[in-house]
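Residues per chain are reported as follows:
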Amino acid sequence: MEQKKSSKQIMSEMTGGQYFRAFNTDSLVEIYSTIDDLEKSELFEDLKVSQTTAWLLLLGASSTFIAHGIEAFEHYGRFVDLLIGSASRVGLRLSQSSAETALTVIGVQDFLLVALLLLRRWRWVAGWMAFWGFATALSRMTTMGSGSWHQTAVRVANGGVPLAIFLAWRPLFRPNS
């Protein structure tokens with residue numbers, strides 16, 4: 001008996017793509033690795049990067065996320081205000097206690113991202129760090145309005161450095177592939 005194909009499987013066949021489905025954490029990690037290996041386009045294909053440059057980028061992104069994680073664990077008052085303010089902008093009520101709990105989770109996430117970036121060197125971690133870095137930079141404007149654009153501009157590197165790592169992944173960490 002032939003199993004019915006999902007619309008995602010059919011679409012992947014029609015477009016020449018591949019369909020992946022994860023059933024557990026191990027299979028998800030394997031899928032990310034396979035997708036990373038399949039990546040054919042390379043924005044920085046001819047980029048020659050020294051190991052020193054790669055480590056400086058890793059350490060720059062990591063130090064930002066470590067500092068952010070420490071402040072999140074300390075329930076830094078400004079971060080509490082940013083969470084409460086951003087939530088109220090979208091019509092949600094967030095108590096100080098809930099904001100502090102969220103910051104604890106955010107701090108754990110920041111430390112885990114640093115560990116995964118430095119120890120496992122997964123490209124998708126740099127991608128998530130870029131997204132998260134830009135989101136936290138933009139939180140200044142969602143809370144304080146467009147007049148605080150400079151607060152966002154100062155923090156663009158929080159997402160920009162991980163984005164540079166993500167975009168230049170192969171030249172940085174797989175120079176011979």
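For the structure itself, consult the block above.
Right, let's walk through the structure included here.

Conventions adopted
Position numbers for residues start from 1 in each chain and track the written sequence from start to end. Side-chain atom pairs in this predicted model are given and counted only at pLDDT of 80 or more, local residue features only at pLDDT of at least 70, and totals for whole chains, interfaces and linings cover all residues. Side-chain calculation: all heavy atoms of the structure are included, whereas hydrogens and water are not. To qualify as a helix, a DSSP run of H or I must reach at least 4 residues; to qualify as a strand, a run of E must reach at least 2; elements of each kind are numbered from the N terminus. Here's how the labels work: a residue is buried when its accessible area is under 20% of the maximum for its type, exposed when over 50%, partly exposed in between, all with a 1.4 Å probe on protein chains only. Any two residues having at least one pair of non-hydrogen atoms within 4.5 Å are treated as being in contact. Only the protein chains shown count as covering a residue, and every accessible area follows the Shrake-Rupley method with a 1.4 Å probe. Given the number of residues in a helix, its expected span is that number minus one, multiplied by 1.5 Å.

Concerning the overall build of the protein
Helix and strand content of the protein: nine helices and zero strands. The N-to-C order of helical and strand elements in the protein reads α-α-α-α-α-α-α-α-α. Within the protein, buried positions represent 28% of all 177 residues. Taking contacts inside the protein between residues at least 6 apart in sequence as the whole, the part at least 24 apart equals 66%. In the structure as shown, the protein presents an accessible area of about 11,500 Å², 60% of it carried by carbon and sulfur atoms.

Things to note about helix 4 (residues 77–89)
A turn of α-helix holds 3.6 residues, and therefore any two residues three or four places apart point the same way. Between its terminal C-alpha atoms helix 4 stretches 18 Å, which fits the 18 Å expected from 13 residues at 1.5 Å a residue. Of all the positions in helix 4, only Phe 79, Val 80, Leu 82, Gly 85, Ser 86 and Ala 87 are classed as buried. Close packing links the buried residues of helix 4 with helix 3 (51–73), helix 5 (96–120) and helix 6 (123–144).

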